[in-house]
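# Coordinate inspection notes
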Amino acid sequence: MRFVVATHGHCFDGLASATLFTRLMRDVSPNQTRLEYRGCGYGFGQPRADEALLNGEDNAILDYRFNGCKRLGWFFDHHRTAFQNQEDRAEFERRRDNGRFFYEPEYSSCTQLIADVGREHFNVHDPSLEELVRWADIIDAARFDSPDQAISRESPILRMVSVVEHYADDALITHLVQELLQKPLSEVARSDIMAERYRPLGVKHARFVEHVRSKSELRGRVVFVDLTDAVLESVGKFVTYALFPQSVYSVMVGLLKNGPKISVGYNPWSGRPRDVDISAICARYGGGGHPVVGGISFRNNELDQARQVARSIADELG
């Protein structure tokens, strides 16, 4: 039986979710020998978890927006914007009684959700994956001690995070899921393939930090950054907080190969409370995310619109 697993691609939580789900399936469906992994994204031109992609005899969506495809057999997500409309939410509610559809927006990572569901609903718990679950939660919730630690790449695990965010296509997800099921996360992070993939990223990361520094504009409690002067070769989530620790929010608009993208975030190290739901702001413009972080993607011919929306959000948060 073909089992397609659609997970959030180029995302450490998406990779870790696929690993935990695969481990769960080994107990729930022991005769299911092979899962096919598909990385999904929200940018234009990126694969979506739609009916065309969910073409297995059984299918799962992990850490990604809901799709009411009849062939969807499993669903796990924690994003506030998991449902594009009321019809999708109603379809989810109709089908959640099957015991295989789980949505918990209070969770800081989808990986932790799958781990808890596996233990509480299916009596499946693998202590060898606890390190992976812990790091997925730290990374997705930005539970670092400081922004400097968040942007540091001295840790092999954080270097692996960079590799996953840049290179995790279907083939790499497939490879890393199997590796993580056999070896500790720390060992996989120190592997030759991770070192080789990260080497050019280290240089790009340093250039990205300087690019952000030169383009940042502190507007009250908001750091606004316009990086649309050239296609970005690297992206970092927490650089603005390290450069401007007094900031409460960050609004960054960058030009990616698939089109412009706005990233909005709350600085958890600011010492000031969050007073907005960032996912709701992004949803107004077709994006989504979490209360503390969100994003909006645009087409390549919508650069001016992306800049305008980014400035509007910065004004709103300021």
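Higher on the page you've got the structure.
Residues numbered from 1 in each chain as written. Predicted model: local features only at pLDDT ≥ 70, side-chain atom pairs only at ≥ 80, totals over all residues. Heavy atoms only, no water.

### Quick word on unusual backbone geometry
- Look at Asp63: it is not a glycine, yet its phi comes out positive at around 55°.
- Along the chain, Asp63 falls in the loop between strand E3 (58–62) and strand E4 (72–77). (Helix = DSSP H or I, 4+ residues; strand = E, 2+ residues; numbered from the N terminus.)

### Topic: the pattern of salt bridges
- Inspection of the entire model under this criterion finds 25 salt bridges.
- Arg96 is the salt-bridge partner of Glu93, the closest N and O atoms lying 3.1 Å from each other.
- With a shortest N-O distance of 2.5 Å, Arg207 and Glu233 are connected by a salt bridge. Taken together, the positions of Arg207 in helix H9 (residues 192–215) and Glu233 in the loop between strand E7 (222–231) and helix H10 (239–243) put the pair 26 residues apart, joining distant regions of the chain.
- Residue class for Glu233 comes out partly exposed when judged on its relative accessible area of 38%.
- The structure contains a network of salt bridges with shared partners spanning Arg2, Arg34, Glu36 and Arg38. (Salt bridge = Lys/Arg side-chain N within 4 Å of Asp/Glu carboxyl O. Buried < 20%, exposed > 50% of the residue type's maximum accessible area, 1.4 Å probe, protein only.)

### A word on helix H3 (residues 110–122)
- Helix length check: H3, at 13 residues, gives a terminal C-alpha distance of 17 Å against a target of 18 Å (1.5 Å per residue), a fit within 8%.
- Residues Cys110, Thr111, Leu113, Ile114, Ala115, Asp116, Val117 and Gly118 constitute the buried set of H3.
- On the buried face of H3, the contacting elements are helix H1 (12–28), E3, E4, strand E5 (101–103) and helix H4 (130–141). (Expected span 1.5 Å × (residues − 1). Contact = heavy atoms within 4.5 Å.)

### A word on the pairing of strand E11 (residues 293–297)
- In the sheet, strand E9 (residues 259–266) pairs with E11 via five bridges, with the strands oriented antiparallel. The residue of E11 that forms the bridge with Gly265 is Val293.
- Two strands pair when backbone bridges link them, and strand E10 (residues 288–289) and E11 are joined in this way by two bridges, in the antiparallel orientation. Paired with Gly288 across the bridge in E11 is Gly295.
- Between the antiparallel neighbours E10 and E11 lie three residues. (Pairing = 2+ DSSP bridges.)

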